[in-house]
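Observations on the model geometry
Residues per chain, in single letters:
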Amino acid sequence: KLRAEWKNSFTLSRTYDPDFRSTSISITNPNNPTINRGDGAGIRRFWRDLNEFNENLKIDFTLPYGKSNKFQFGAMGIYKDREFEVDSYLLDATTRSGVPLDPNYFLRDENIWTADGQRGTYLEGNYEAPNNYEANSSVYAGYVMTEMTFEKLKATFGARVEKADMHYTGEDIFGTKFENDHTLDEINVLPSVNLVYGITETMNLRGSFGQTLARPSFKEKSAAQIYDPITRRFYNGNLDLNQTLINNYDLRWENFFVGGGGDMISLSLFYKEFDGHIELVSFDVAPDNVRPRNSGESFVYGVEFEFKKKLDFIAPSLSGLSFGTNVSLANSKVDLESVVVNETGLTEYESRKFNARSGEDVDKTRPMGGQSPYLINAYLNFADKESVMNANLSYNVQGESLFIIGVGAVPDIYTQPFHSLNFNIYRNFGAEKKHRITLRADNILKAEKKDLYKSYGDAEAIYSIFRPGRTFTFNYAF
C-alpha cells in the first residue's frame, strides 16, 4: 500500500543587460558645461550578466492506515548556484570643460584620442570588485506527518526539519575578500497542525498553527553594491542578514454553497509573529543608497473576507456571470526598541527620538515595512457554457505601506495605493475550437505608481514616480 511520488527539476537561467550607456554632463555653470567626475558627471558603459543553476529533487511516501487515515513522510533537496558579474568602463576625455551639451560629441571620429594628437576621448577599465560575486545555497529537508479523521473532525499534523547553508565569494567596498565563506548555517524544526471541523456538509471551521521561515536572497545576503540605471540608485547587500522565523496562527470559517461550481464565502482571522523580518533602510548620508536589514520583533494581525458566487440566483440569464472578492484588513507593529541600527547598539527608537522635530511625539512602534493596512481584490467574470468565450474584469488595490525606513534625519518613504483595473477577453473559434484570439487591457485607469517621503510637520515629497500608462495586448494562438 506504500505509494511513492518523486519529482526533479533542473533549471539554467540567465539575465543579461548588454551595453548600458550613460552620459552625464554637468551644467553647474551653464556657461561652462563639464564632464568632471567631482560633479557626478561622466560617461559610463557596462555589461551585466547573471547566470544561475537550480536543482530541485523531492520524494514523498504515503501509507494509508485505518479507514480514512494516512501517514506521510519524505525528503527534499534544493541547490542553487549564482554567478553575477559586471564589466564596467569609463570614457574620459582630455577636454573636460567647455564641452557641448551633446553626448554624441565625444565619440565623433575627429574627437577620438589618437597617439599622434595625444588628445580626445579614450576608454579605461572601471572594474568594481563589489559588483562581482559568486554564491550558492542548499536546503535539505525531511518531514513526517499524519492525517486522521474522527467523524466530523479532520486533523493533520507533523514536523519538518530543514538544514540550510549559504556560501559567498566576493569583495566588499572596503577591500575585504570572501572566499566561499559560510554565510548561513541553520538547522530548524518546523511543526505544524491543521484542524478542520465539519459543521455541516458544506460548512467548515478551520484552525491552524505552523512555523515557517523566510531566508535572505543572494542579492540581499551579499557584499555587492548594485547600480540601478533606471532610478540611478544603489542597492547594497548585507552579509550580516539572518533568516526570519515566523509563527502563524489562523482561524477560518468557510461555507461552500449547495450546487458547487466554486461558490463560497469565508471569514478568516490571522496572527503572525516575526523574529527579525527583513526591511529596506536608507543611508543617512546617501539617501539614494538602500540596504536590507533585520528589524527586531514584530507582529501582524487581521481579518480576511472572501466571497465567490455565480449570479444566476438573480436571473437565469446571468448564469454565465460570476463575481468574486477578497478583502483583507491588517495591523502590523515593529518594536523599535528591539531594532538595533548600528554597531554601537543604538536602537531605532533612540535614533528617532534624537532626530525628532519640534513637537513630534515618537512612538515605540511603527508599521512593518511592506505591510499594507488593507488589500482589495475583486473580479467580474463571464464564461459561456460551451467554453467558447471568457471575459474578465479585475480590480486590485493595496493600502499605503512603508517602503524604505529612513535613517537619522532621512524621512520614511511610503508606497501609495495603485488602483489596478484590467480587462481580458478571449474567444475560441474554427474547427474543433483550436484557434483563440485574446484582447487584454491593463491599467485602464492610467494609474501612477508613487513613493513619497513623509515626515512630521513637512509636506510630502516625491521619492519616485512611475507612469506605466495603459497597455493593450492582442494575441492569436493555435
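Description of the structure in this document. (Residues numbered from 1 in each chain as written. Predicted model: local features only at pLDDT ≥ 70, side-chain atom pairs only at ≥ 80, totals over all residues. Heavy atoms only, no water.)

Turning to the overall build of the protein chain, a few remarks are in order. In terms of helices and strands, the protein chain carries one helix and 26 strands. Seen along its three principal axes, the alpha-carbon backbone of the protein chain occupies a region of about 90 × 60 × 55 Å. For the protein chain, contacts bridging at least 24 residues in sequence account for 65% of all contacts bridging at least 6. Accessible surface, the protein chain: about 27,600 Å² in total, of which carbon and sulfur atoms supply 55%. In the protein chain, 53 positive and 64 negative side-chain charges are present, and the distance between their average locations comes to 8 Å. (Helix = DSSP H or I, 4+ residues; strand = E, 2+ residues; numbered from the N terminus. Contact = heavy atoms within 4.5 Å. Areas by Shrake-Rupley, 256 points an atom, 1.4 Å probe, with all protein chains shown as cover. Lys, Arg positive; Asp, Glu negative; His and termini not counted. Charge placed at Lys NZ, Arg CZ, Asp CG, Glu CD.)

Moving on, we come to a negative patch on the surface. Together, Glu-83, Glu-85, Asp-87, Glu-134, Glu-179 and Asp-181 make up a negatively charged patch on the protein surface. Elements represented by at least two residues in the negative patch include exactly β3 (69-93) and β7 (177-198). For the negative patch, the leading source of residues is β3, giving three residues. Secondary-structure assignment places Glu-179 in strand β7. Residue class for Glu-179 comes out exposed when judged on its relative accessible area of 61%. (Patch = residues over 30% accessible without salt bridge, like charges linked within 9 Å, V, L, I, M, F, W, Y side chains within 5 Å. Salt bridge = Lys/Arg side-chain N within 4 Å of Asp/Glu carboxyl O. Buried < 20%, exposed > 50% of the residue type's maximum accessible area, 1.4 Å probe, protein only.)

Let us look at the packing of aromatic side chains. A full pass over the atoms with the stated rule returns 18 aromatic pairs. Aromatic pair Tyr-453 and Tyr-463: ring centres 5.4 Å apart, planes at 90°, arrangement edge-to-face. Pair noted here: Tyr-453 is in strand β24 (residues 449-454) and Tyr-463 is in strand β25 (residues 461-466), with a separation of 10 residues, a long-range link. In terms of burial, Tyr-453 and Tyr-463 fall into one category: buried. Site record: aromatic cluster; members linked through ring pairs are Phe-209, Tyr-249, Tyr-271, Phe-299 and Tyr-301. (Phe/Tyr/Trp six-rings, centres within 6.5 Å; stacked < 30°, edge-to-face > 60°.)

This paragraph deals with the pairing of strand β21 (residues 412-415). Sheet topology note: the strand β20 (residues 401-405)/β21 ladder contains three bridges and is antiparallel. Looking at the pairing, Leu-402 lines up with Tyr-414 of β21. Counted between consecutive antiparallel strands, the loop separating β20 from β21 contains six residues, among which Gly-408 sits at a positive phi close to 65°. One ladder, built from four bridges, connects β21 with β24; its direction is antiparallel. Bridge assignment links Thr-415 to a residue of β24, and that residue is Asp-451. (Pairing = 2+ DSSP bridges.)

So, on to the nonpolar core. One finds Phe-84, Tyr-133 and Tyr-168 to be the most contacted residues of the largest nonpolar core, which totals 20 residues. Of all the secondary-structure elements, those providing two or more residues to this core are β2 (42-65), β3, β5 (133-150), β6 (153-171), β7 and β9 (225-228). In terms of residues, this core owes the most to one element, β5, which gives four residues. Counting residues in hydrophobic clusters, the runner-up holds 11 residues, among them Phe-270, Phe-274, Tyr-349 and Met-368. (Core = buried A, V, L, I, M, F, W, Y, C linked by side-chain atoms within 4.5 Å.)

Strand order in the open sheet made by the eight strands is β9-β10-β14-β13-β20-β21-β24-β25, with mixed pairing throughout. Either end of the sheet is taken by a strand with one partner, and the two such strands are β9 and β25. Neighbouring strand axes in the sheet, compared pairwise and without regard to direction, differ in orientation by 30° on average. (Axes fitted to C-alpha atoms, helices over the stretch in contact; angles between N-to-C directions.)

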